[in-house]
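Residue-level structural notes
Spelled out from the first residue to the last, the chains are:
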Amino acid sequence: MADLSAQVQEPFDLVRLSLSERVFVKLKGERSLTGVLHAYDGHMNMIMSDVEETILMVEPEESGSTVQTMKRAMEMLFVRGDSVILVSPGAR
Amino acid sequence: MSSEPPQDSSTGAVGTPADFLKGVIGKRVVVRLISGVDYQGLLSCLDGYMNIALEQTEEYVDGAVVNRYGDAFIRGNNVLYISAMESI
Amino acid sequence: MASQILPLELIDRCIGSRIWVITKTEREFAGRLLGFDDFVNMVLEDVTEFITTEEGVKKVKLQQTLLNGNNICMLVPGSNGPEDS
């Protein structure tokens, strides 16, 4: 990891270096994923496995809004690139 | 193509987006998304779609840090702006 | 037709001057235009960002900034922003 910056010439290099690694993915609609990245393309369409999805649900109530998180697991997942906001290697 | 942005020859201005992108690499930047979320970090590189790789990334929501990422890839379609935090 | 001025030619004449940028959302920017490209991505300096919320207009100062052309709705040449008009 020490010399990662030298290997990253374009943004997609960062994603390429994360192949077969666990990544954190932030999606539109208050969703996030952690899982193993197997494939991606120029649209940032992705194939991930061993995925945990976290959905933030904000419900407006009279006494302020409450935030609930819902988690679910998927074995194998295709992610459409246009909903991807951020990809970070080394997901917790 | 006549629609190519002509350089202002009278002032010799070098302020096109391409010039900015060349100058801003390695600098500390704020990347603001359309949603209002901010990312501050060191800009390692970017491409013509404004896809961005950031190092030492801090995610800000309503002015407070909510996440830190060692490295982050940000998909360009979400980007509202890239602003330099130091002079170019 | 050919002699008609192109919209981007007008913007080209604004290089070096102040410009007001209105985006598709509740955000506006005013700054000095350094340059732009075919996508109307714009580089501004001495920028003020105006964020309109229910509480009012919040202002943020920015240094040299590249604005994504994707979200730009309108441009007002020579203006210092919403407080100008």
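Residues numbered from 1 in each chain as written. Chains lettered and ligands numbered in written order. Predicted model: local features only at pLDDT ≥ 70, side-chain atom pairs only at ≥ 80, totals over all residues. Heavy atoms only, no water.

**Quick look at the UniProt feature "domain: Sm" (unreviewed entry) in chain C**
- Mapped onto this structure's residue numbering, the UniProt feature "domain: Sm" (unreviewed entry) falls at residues 6-81 of chain C.
- Its end C-alpha atoms 24 Å apart, residues 6-81 of chain C is made of 8% helix and 58% strand. (UniProt positions renumbered as here; feature names shortened; annotations may be inferred. Helix = DSSP H or I, 4+ residues; strand = E, 2+ residues; numbered from the N terminus.)

**Focus: the pairing of strand β3 (residues 46-61) of chain A**
All names here are of chain A.
- As judged from the eight bridges shared by strand β2 (residues 31-40) and β3, these two strands associate in the antiparallel manner. Counted as the bridge partner of S32 is T54 from β3.
- Between the end of β2 and the start of β3, which pair antiparallel, lie five residues, with M44 showing a positive phi angle near 75 degrees.
- Sheet topology places β3 next to strand β4 (residues 64-79); 15 bridges connect them, and they run antiparallel. Bridge pairing links M48 to L77 in β4.
- Hairpin remark: β3 followed by β4, antiparallel, with two residues in the connecting loop. (Pairing = 2+ DSSP bridges.)

**Considerations on the interface of chain B and chain C**
- Each side of the interface is counted separately: chain B has 27 residues, and chain C has 25 residues.
- When chain B packs against chain C, the two sides together hide about 2200 Å² of surface, and 57% of this comes from carbon and sulfur.
- Area buried by chain B at its contact with chain C is led by P17(B), L80(B) and Y81(B), which between them contribute 26% of it.
- Applying the counting criterion to the chain B and chain C interface returns one salt bridge.
- Among the salt bridges present, the one from E49(C) reaches R32(B), with a minimum N-O distance of 2.8 Å. (Contact = heavy atoms within 4.5 Å. Buried area = accessible area lost by both parts, 1.4 Å probe. Salt bridge = Lys/Arg side-chain N within 4 Å of Asp/Glu carboxyl O.)

**Some points on the UniProt feature "domain: Sm" (unreviewed entry) in chain B**
- The sites that carry the UniProt feature "domain: Sm" (unreviewed entry) are, in the present numbering, residues 16-88 of chain B.
- Helix makes up 11% of residues 16-88 of chain B and strand 58%. Its end C-alpha atoms lie 13 Å apart.

**Things to note about the packing of aromatic side chains**
Residue and element names in this part refer to chain A.
- Per the stated rule, a full pass over the model turns up four aromatic pairs over all chains.
- Consider the rings of F12 and Y40, whose centres lie 6.1 Å apart with planes at 5 degrees: the pair is stacked. One end of the pair, F12, is in helix α2 (residues 11-16); the other, Y40, is in strand β2, with 28 residues separating them in the sequence.
- Using a relative accessible area of 12% as the deciding quantity, one classes F12 as buried. (Phe/Tyr/Trp six-rings, centres within 6.5 Å; stacked < 30°, edge-to-face > 60°. Buried < 20%, exposed > 50% of the residue type's maximum accessible area, 1.4 Å probe, protein only.)

**As for the pairing of strand β4 (residues 64-74) of chain B**
- Where strand β5 (residues 84-89) of chain A lies against β4(B), two bridges are found, and the strand directions are antiparallel. Looking across to β4(B), one finds that V87(A) is bridged to F73(B).
- Here nine bridges tie strand β3 (residues 52-61) of chain B to β4(B), and the two strands are oriented antiparallel to one another. Across the sheet, the residue bridging to I52(B) is I74(B), located in β4(B).
- Connecting the antiparallel pair β3(B) and β4(B) is a turn made up of two residues, with D62(B) showing a positive phi of about 50 degrees.

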